[in-house]
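Descriptive structure summary
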Amino acid sequence: MGGSRLDVQALRDSFARAAMHGDAVPLFFYSDLFLRHPETRDLFPVSMVTTRGRLVYALARIVSQADNLAELEPFLQSLGRDHRKFGAIAEHFPAVGTSLLATLAHFNGPAWTPRLADDWKAAYGLVSQIMIEAAQGDAVNRPAFWQATVLAHELRRFDIAVFRVVTSEPLDYLPGQSISMESPERPRIWRFYSMANAPRDDQTMDFHVRMIDGGTLSMVLARGLAVGARLRIGPPFGVLTYDLTSGRDVLLVAGSTGLAPLKAITEQIATLADPPRVHLFFGVRTADSLYDLADLEKMAAGYPWLTVVPAVSDDPRFGGERGPLPEVVARAGNWHEHDVYVCGPTAMVEATITQLTAMGVPRSQIHSEDLGWSEP
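Residues numbered from 1 in each chain as written. Predicted model: local features only at pLDDT ≥ 70, side-chain atom pairs only at ≥ 80, totals over all residues. Heavy atoms only, no water.

Within the secondary structure, Asp32 sits in helix α2 (residues 24-36). Residues in contact with Asp32, not counting those within four places in the same chain, are Ser99 and Ala102. (Helix = DSSP H or I, 4+ residues; strand = E, 2+ residues; numbered from the N terminus. Contact = heavy atoms within 4.5 Å.)

Printed below as a string of structure tokens:
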């Protein structure tokens, strides 16, 4: 996308000018789309609040990586495959492109030029081509979504649940990846959650869900599921996956239910003939939020290469490591020769990356992913 024909900086500047208008941008876009093509409205949930945020997030990521197609292409391919679950088809993409350009033109005002319009049209053409081809290729081998049945559900804290599902068909994924999930109780509302286990032969998967205040789906998953409940699951998504080739020891930094993908990676490492040393830091605000500590300690007792360090930031009664998770990790050792995997609340992830790079850990050895699409 970053070829000589496109002025990538102009694309970024025009997006920044539009983004300054906040929620008005996706509101204009979807209003324009539904007015021009009312048949697309049924693809979306009744409440568009979270969906509007997804649009801005996806555009921001695309624009930020517009000059590095090698990094951007896997994201776009995953996006194309994931959109199959909504019922999106190739014929919808021109409609979306028309409304996107209308939105950018509206919020750029006099700065919108024919050259800028042509560059955006060309960029969107490439984006949609990659997504469509990925979706069409995916349709040959996989369903648009998987039916799943809840086998077990346990409320570990009043707002945190761990549950297990089994899918009706095999779902291949890599430890560390996520899937989107929908409940019949909240139709057309999809949220991303990470599997907490490496793939199993019996097609079962574990999930850790924290109930968010106002979280439309998380309330159902945390407190409203019963054994036998049905869910729909989208295709695997994301690149927070273990590098089997590096040979370095591993540092895992998990905040709250960000533990799930890192626990899956730990299970994957356990299958290796010669596992590296792994330090897993599990950070929460209060001691009663260490919802999976018993299972982690059981894993550590069985794996001599695994060290588990729980940390609590806001509970003076806790007898172990205390303080913000990035600080606990920093004072525990020198990690510059480790591969680092970080998952959790965005602020914690960003602070951890800043802390570790300041300590000399190469940024290329730090792996994180913020899909930006789950509930806050």
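Right, let's get into the nonpolar core. In terms of nonpolar packing, the biggest core is built from 37 residues, with Tyr30, Leu33, Phe75, Leu76, Trp112 and Trp120 touching the most fellow members. When contributions to this core are tallied by element, the ones reaching two or more residues are α1 (8-19), α2, α3 (49-64), α4 (69-82), α5 (92-108) and α6 (114-141). Sort the elements by how many residues they give to this core and α6 lands first, with 9 residues. (Core = buried A, V, L, I, M, F, W, Y, C linked by side-chain atoms within 4.5 Å. Buried < 20%, exposed > 50% of the residue type's maximum accessible area, 1.4 Å probe, protein only.)

Here the focus is helix α8 (residues 259-270). When the terminal C-alpha atoms of α8 are compared, their 16 Å separation across 12 residues agrees well with the 16 Å that a helix rising 1.5 Å per residue should span. Among the 12 residues that make up α8, 10 are buried, leaving the element largely enclosed by the rest of the structure. Burial in α8 covers these residues: Leu259, Ala260, Pro261, Leu262, Lys263, Ala264, Ile265, Thr266, Gln268 and Ile269. (Expected span 1.5 Å × (residues − 1).)

As summarised here, the arrangement of the 6 strands in space is β10-β9-β8-β7-β11-β12, forming an open sheet in which the pairing is parallel. Each of the sheet's edge strands pairs with one partner strand only, and the pair in question is β10 (321-322) and β12 (366-368). Pairing between strand β11 (residues 338-343) and β12: 3 bridges, direction parallel. The residue bridging Tyr341 from the neighbouring strand is His367, located in β12. Where α8 meets the sheet, it contacts β7 (249-255), β8 (278-284), β9 (306-312) and β11, and its direction lies at approximately 155° from that of β7. (Pairing = 2+ DSSP bridges. Axes fitted to C-alpha atoms, helices over the stretch in contact; angles between N-to-C directions.)

Across all of its chains, the model carries 19 salt bridges by this definition. For Arg84, the salt bridge identified is with Asp138, shortest N-O distance 2.8 Å. With Arg84 in the loop between α4 and α5 and Asp138 in helix α6, this residue pair connects regions lying 54 residues apart in the sequence. Of the two residues, Arg84 and Asp138, both sit in the buried class. When salt bridges that share partners are traced, they join Glu154, Arg156, Lys263, Asp292 and Asp295 into one network. (Salt bridge = Lys/Arg side-chain N within 4 Å of Asp/Glu carboxyl O.)

To continue, consider the pairing of β11. Among the 6 residues of β11, 6 are classified as buried, and the element is accordingly described as predominantly covered. Burial along β11 is two-sided: His338, Val340 and Val342 facing one way and Asp339, Tyr341 and Cys343 facing the other are all buried. In terms of strand pairing, β7 meets β11 through 6 bridges, oriented parallel. In the sheet register, Val253 faces β11, and the bridge partner there is Val342. Read as a crossover between parallel neighbours, the route from β11 over helix α11 (residues 346-358) to β12 is right-handed. (Right-handed = clockwise from strand over helix to strand, strands pointing away.)

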